[in-house]
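# Observations on the model geometry
What follows is the residue order along each chain.
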Amino acid sequence: MARQRFARPIFDNPFLKIQELPGDTVKRNSESLKQANSDPRGTSLVISRDVTLDTDKKTWLRLYVPRRVTKASTPKKLPLIVYYHGGGFVYFHANTFIFDVFCQALSERVGAMVISLEYRLAPEHRLPAAYDDAMDGLHWIKSTKDEWVTNYADLSRVYLYGTSSGGNLAYHAGLRAAAAAKELEPLRIKGLILHHPFFSGKNRTESEEKLKDDQLLPLHAIDKMFDLCLPKEVDHDHEYCNPCANGGSKNLDDMKELGWKVLVTGVCEDPLVDAARNCVKLMEEKGIKVYKFFRDGYHAMEVFDQSMAAALYDATRDFLNASKN
């Protein structure tokens, strides 16, 4: 039976027309995408508000809590999902409308507090800047006296979750956090959720070759965004791009020792899907328990189209339940 074909989102696709400008910057046509304000008074099913992380770096966090939890006489502590948005490390923000909607639904449908990170973008701030920002965020969560975090977040059940480049960010922040687990206590990470992670390499995978002209995320755009976000004068087998390079990070051993579990999701019409499968194989070879959720669809479809997201939220909730101990 033939696979179902999925219509890609129709918008001013920044990945198709990356325009580099003098001074190590780009023209961000994606800024025309609608942005969403926070909603601290709870006019929807989820309340949200923003807090400053680092004024010098212009980083901040958006906190989400299901409104029903805030109405309870005795607030229930929820698992905490730290979320990283996508955009090739070059585009989008924590308050970009599609990611705000995704985080609201993630909080409500999964029953979790969500904290979404506004991190610095490339090429103005090349990797590892975003990874540094992620660690800043984890240290803020560890030490904050913020009322929402202290009332609603179970710091013994923390998960790093990212979409596309956010999946890459969750992975590399996870490697750092595993090596610094003692420093981060009482925050305890239980696992990672890599949603269509943004990985590649010098050697083309079968899915990259087959889908090199994908209308949402063509191969030339994947390569260009890695050129823009990687440290200068490194190739695409650098560990930030290819997690399998040189046998993978030694910090994967720390993840195994800590008992972390990982959920990796992917779709068959994504040029990046084989790189995700290669990362799964690497982690399994290192002895890490990996849960897999692969199905038909296009890259990051659950963010672009909420009608496709229910199964992902269910898989996320099941993963949190399976990894709680």
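Since the structure is predicted, the reported quantities are computational estimates derived from the model, not experimental observations. (Residues numbered from 1 in each chain as written. Predicted model: local features only at pLDDT ≥ 70, side-chain atom pairs only at ≥ 80, totals over all residues. Heavy atoms only, no water.)

With that settled, consider the pairing of strand S6 (residues 113-118). As a general feature of sheets, a regular strand has side chains that alternate between the two faces. The buried fraction of S6 amounts to 6 of the 6 residues, a majority that puts the element mostly inside the structure. Residues of S6 alternate between two faces, with Met113, Ile115 and Leu117 on one and Val114, Ser116 and Glu118 on the opposite face, all of them buried. As paired elements, strand S4 (residues 59-66) and S6 share 5 bridges and run antiparallel to each other. Across the sheet, residue Tyr64 finds its bridge partner in S6, namely Val114. With 5 bridges joining them, strand S5 (residues 78-84) and S6 adopt parallel strand pairing. Residue pairing in the sheet places Tyr84 in a bridge with Leu117 of S6. As a crossover connection, the stretch from S5 through helix H2 (residues 97-110) into S6 is right-handed. (Buried < 20%, exposed > 50% of the residue type's maximum accessible area, 1.4 Å probe, protein only. Helix = DSSP H or I, 4+ residues; strand = E, 2+ residues; numbered from the N terminus. Pairing = 2+ DSSP bridges. Right-handed = clockwise from strand over helix to strand, strands pointing away.)

Let's shift gears to the UniProt feature "domain: Alpha/beta hydrolase fold-3" (unreviewed entry) in the protein. Following the UniProt record, one finds the feature "domain: Alpha/beta hydrolase fold-3" (unreviewed entry) at residues 81-300. With 41% helix and 19% strand, residues 81-300 has its two end C-alpha atoms placed 18 Å apart. (UniProt positions renumbered as here; feature names shortened; annotations may be inferred.)

The axes of two packed helices give the description: the angle between them and the distance between them. For the pair helix H3 (residues 129-143) and helix H5 (residues 165-179), interaxial distance at closest approach is 9 Å and the crossing angle is 60 degrees. If you check the angle between H3 and H5, you find them oblique. Note on packing geometry: the crossing formed by H3 with H5 is right-handed. Contacts from Ala130, Tyr131, Asp132, Ala134, Met135 and Leu138 of H3 reach H5 at Asn168, Leu169, His172, Ala173, Arg176 and Ala177. The residue inventory of the contact of H3 with H5, partitioned by class, reads 8 nonpolar, 2 polar and 2 charged. (Axes fitted to C-alpha atoms, helices over the stretch in contact; angles between N-to-C directions. Parallel < 35°, antiparallel > 145°, perpendicular 65-115°, else oblique. Left-handed = near helix turned anticlockwise from the far one by under 90°. Contact = heavy atoms within 4.5 Å. Nonpolar A, V, L, I, M, F, W, Y, C, P; charged D, E, K, R; others polar.)

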